[in-house]
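Reading the structure
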Amino acid sequence: MAVQLDETDRKIVAELQKDGRASIRAIAAAVLISRANAYARVNRLVESGVITGFTAKVDPVKLGQTASAYVMLRVEQESWQSLRVKLSEIPAVQHFALLGGDMDVALLVRAADIAELRQLVLTELQAIPEVLGTRTWIIFEDHDTR
């Protein structure tokens, strides 16, 4: 369920998306509100679940993950809950989403090299009983827009 946000809340979220380490003072200055107001609003955004965490953006290649791919899964329809747990436990899976359409689940995976990526898809993912089939798209280059 969506949380009621005003324009100031949206500006605060945008500032934190640009720099998750921004101080309350910097956020307050950027959105033209007091520090106390900024502090209260950031806390409310965290407590309401709008802000789910603060992370560092990394360059996967510099981190040693030179092979990336989108892997689409066709799965048993009633298996989503148990499959979510299994996918969360695989370190190479950076993101996954339930889809509507020809494929059921989209994964963003990152591995050290093509051999590790091959092992992940052909051995690890296809060994999950709920997975009926996979399709893999190798990523040549990717960019984070935020």
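Quick look at the structure, then.

**Considerations on unusual backbone geometry**
One non-glycine residue with positive phi stands out, namely L32, at about 60°. Among the structural elements, L32 can be located in the loop between α2 (24-31) and α3 (35-47). Judged by its relative accessible area of 76%, L32 falls in the exposed class.

**Some points on the packing of α2 against α3**
Put simply, α2 and α3 touch, their axes get as near as 8 Å, and they point 105° apart. Comparing their axes, α3 and α2 come out roughly perpendicular. For the pair α2 and α3, contact is made by I24, R25, I27 and A28 and by R35, A38, Y39 and V42, respectively. Here the contact of α2 with α3 is composed, by residue class, of six nonpolar, no polar and two charged.

**A closer look at the nonpolar core**
Within the largest apolar cluster, 21 residues are counted, with the highest numbers of intra-cluster contacts made by L87, L107 and L125. Mapped by element, the contributors of at least two residues to this core are β1 (67-75), α4 (80-88), β3 (105-111) and α5 (114-125). It is β1 that provides the largest number of residues to this core, a total of five residues. If near-sequence neighbours (up to four positions away) are discounted, L87 is found in contact with L73, V93, F96, V105, L107, L125 and I128. Counting 11 residues, the second largest nonpolar core, distinct from the first, contains V13, L16, A28 and A38.

Cut-offs applied
Residues numbered from 1 in each chain as written. Predicted model: local features only at pLDDT ≥ 70, side-chain atom pairs only at ≥ 80, totals over all residues. Heavy atoms only, no water. Helix = DSSP H or I, 4+ residues; strand = E, 2+ residues; numbered from the N terminus. Buried < 20%, exposed > 50% of the residue type's maximum accessible area, 1.4 Å probe, protein only. Axes fitted to C-alpha atoms, helices over the stretch in contact; angles between N-to-C directions. Parallel < 35°, antiparallel > 145°, perpendicular 65-115°, else oblique. Contact = heavy atoms within 4.5 Å. Nonpolar A, V, L, I, M, F, W, Y, C, P; charged D, E, K, R; others polar. Core = buried A, V, L, I, M, F, W, Y, C linked by side-chain atoms within 4.5 Å.

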